[in-house]
Structure formats: C-alpha cells, structure tokens
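Structural characterization, general
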Amino acid sequence: MTTIRLARYSLHCSTLGPGVRGVVWVQGCSQRCPGCTSPEMRDYNGGIEMDVKELAEKFDASSDLEGFTFSGGEPMDQAEALTELIEELRRRRNNDPSFMSYTGYVFEELQKNGLQSHQKFVSNIDILIDGPFIESQYANLLWRGSANQRVYFLTPRYKTWESRINEPGQGLEFEFDENDVIQWAGIPPLNFKENFQKLMEQQGVNVE
Ligand code: SF4
C-alpha cells in the first residue's frame, strides 16, 4: 500500500490549470521561500496520510474533470506516490486526464540531478511550473505568482496555451471543506491570506 502525505484536496478547481481540475496539495516542503503562501504545508509531520487508491476514489465523485494539478508543499518530495496516483487516475478515467504539477525546484536542476523517481514523475506530466516563489518577484501571471516561475508544456496537449502564459492569473476560488472550514485555491495577491483570515475571524468563520 502506497500512501501520500496530504495537506488537502479539491474536487473542483478552475484556477490552477486548464479547464476544471482536481487538485492535490501535498504536505511537506524543505524550501523556505520568503512570503510562502502555504507555510502550513511545509511541515513533513503535518497533514494526513492517505492511501493512493483511497485518494483516487475521492475524485470519482467529480466525473467531469479535465485533469489534475499537484501543488503543496513540494510534489517532487512525493514523486513516487504521485506517479502511482497518476497511474490509478488514468486507470479509472480511460487514460483521459491531463496532469500538471508545481515544483520549487528549477527544471534544469531536476533534469541534471533529479532522482529517478523525479524523472519518472515528470515524464507523466503535461504542464510543469518550476521554481520557488520569490516575494520580490511577485507577479499576477497565469497559474503562478512569481516572475521567475516558468511554465513548461511537456506534451503537445496544451501547446495552444503557450501564447497565453503572460496573461493575468485566473483569480481565486473558495469552497467549504467537510469541516466547514473555508479553503481557497488559486494564486493570491501578496498578504492576501493574513488579511482574509483577519476579516473572516471577525465574522467567526474558520479559514485555512
Ligand atoms: S516551494 Fe511552495 S510550499 Fe515550499 S516554501 Fe516555497 S512557496 Fe512554500
């Protein structure tokens, strides 16, 4: 049984990749990007452990997804488990879904020094967004919030999006999780999280 250490997931997201997607935010990241938008996802002991098959099954409730996006946390740290998840999702969905992933690593570094598990994971990805978030390079760009982050179209599937990568981002989406906590997905403006949390706390609403 292979498990994933998971921060959270979304069954329906339109802000992190082409079309409507399932999103998995993995738990654990060794990078320390100043201004990190998900510091609660850096601790390797946080989140929950979930069996790959159980996680794939959660997405059965959303039959209309175009694909899946992996964020975090650092997806590359769980490359092996995520590759298994990709295989399981392909099995369940007639090989149709596309896959996109973020990584704090720089792509050239991964190609040169990446582990075999990293290479295998990347070979299953249609779109890779590389590089750490750098607060001083904040920019509102398609699917990313830092000008150093590059978008690699690794398969032909989304080549037509190439001319759009410098368009503004697709905004933020909000949803309630099973514990009635508000979750958000997308690339937030600087200091969004602190300001939003303060505002919601004043209304007595929990936000993560
Ligand atoms: S790679 Fe992502 S999760 Fe990790 S520190 Fe940087 S912004 Fe935060």
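In this text the structure is predicted, and so the values were computed from the model without any measurement.

In the vicinity of the ligand, the contacting residues are Cys-29, Gln-31, Cys-33, Cys-36, Arg-42, Gly-72, Gly-73 and Phe-133. Taking a 2 Å distance to the grid points as the criterion, the majority of the atoms of the ligand fall inside the largest pocket. Along the lines of polarity and charge, the residues of the shell around the ligand split into four nonpolar, three polar and one charged.

Here we come to the pattern of salt bridges. Counted under the stated rule, the structure contains nine salt bridges. Between Glu-88 and Arg-91 there is a salt bridge, and its shortest N-O distance comes to 2.7 Å. With Glu-88 and Arg-91 both in helix H2 (residues 79-92), this residue pair falls three residues apart, about one helical turn. As a salt-bridge pair, Glu-88 and Arg-92 come within 3.0 Å of each other at their nearest N and O atoms. Of this pair, Glu-88 and Arg-92 are both found in helix H2, four residues apart, which corresponds to roughly one turn of the helix. By sharing partners, the salt bridges in this structure join Asp-60, Glu-88, Arg-91 and Arg-92 into a single network.

Let's shift gears to the packing of aromatic side chains. Centre-to-centre distance and the angle between the planes together describe a pair of aromatic rings. This model, assessed by the stated rule, comprises seven aromatic pairs. Each ring, one from Phe-59 and one from Phe-68, has its centre 5.0 Å from the other, and the planes form 80°; the classification is edge-to-face. Each member of the pair Phe-59 and Phe-68 is classed as buried. A centroid spacing of 5.1 Å and a plane angle of 35° characterise the contact between Trp-143 and Trp-161, whose relative ring orientation is tilted.

A few words now on the layout of surface pockets. Counted as a void, the largest pocket has a volume near 670 Å³. Residue lining of the largest pocket: 37 residues in total, with Thr-37, Ser-38, Ser-71, Gly-72 and Gly-73 positioned closest to the centre. Of all elements in the fold, only strand E1 (3-13) and strand E11 (182-186) reach the threshold of two or more residues within the lining of the largest pocket. With four residues, the single largest contributor to the lining of the largest pocket is E11. The residue inventory of the lining of the largest pocket, partitioned by class, reads 16 nonpolar, 15 polar and six charged. Quantified by volume, the second largest pocket comes out at close to 320 Å³.

This part takes up helix H5 (residues 192-202). Turning to H5, its buried residues number three or more, namely Phe-192, Lys-193, Phe-196 and Met-200. Seen end-on, H5 carries its buried residues on one side only, within an arc spanning 85°. Residues Lys-198, Glu-201 and Gln-202 are exposed on H5 and point more than 90 degrees away from its buried face. Looking at the buried residues of H5, the elements they touch are strand E10 (172-176) and E11.

In this section: unusual backbone geometry. Along the chain, Gly-72 connects to Gly-73 via a cis peptide bond; the corresponding omega equals 15°. Within the element layout of this structure, Gly-73 appears in the loop between strand E4 (67-71) and H2. Its identity as a non-glycine residue notwithstanding, Asn-94 has a phi of 50°, on the positive side. Within the fold, Asn-94 resides in the loop between H2 and strand E5 (98-102). Residue Asn-94 is classed as exposed on the basis of its relative accessible area of 71%. One non-glycine residue, Trp-143, lies in the positive phi region at around 65°. Note that Trp-143 resides in the loop between strand E7 (138-141) and strand E8 (144-146).

Basis of the calculations
Residues numbered from 1 in each chain as written. Predicted model: local features only at pLDDT ≥ 70, side-chain atom pairs only at ≥ 80, totals over all residues. Heavy atoms only, no water. Near = heavy atom within 4 Å. 1 Å grid on protein atoms, 1.4 Å probe; cavity = no way out; pocket = protein on both sides within 12 Å on 5 of 7 lines; lining within 4 Å. Sits in = over half its atoms within 2 Å of the grid points. Nonpolar A, V, L, I, M, F, W, Y, C, P; charged D, E, K, R; others polar. Salt bridge = Lys/Arg side-chain N within 4 Å of Asp/Glu carboxyl O. Helix = DSSP H or I, 4+ residues; strand = E, 2+ residues; numbered from the N terminus. Phe/Tyr/Trp six-rings, centres within 6.5 Å; stacked < 30°, edge-to-face > 60°. Buried < 20%, exposed > 50% of the residue type's maximum accessible area, 1.4 Å probe, protein only. Points joined across faces, edges and corners; volume = space filled by probe spheres on them. Arc of directions from axis to C-beta. Contact = heavy atoms within 4.5 Å.

Everything listed is a geometric property; what it means functionally is a separate question.
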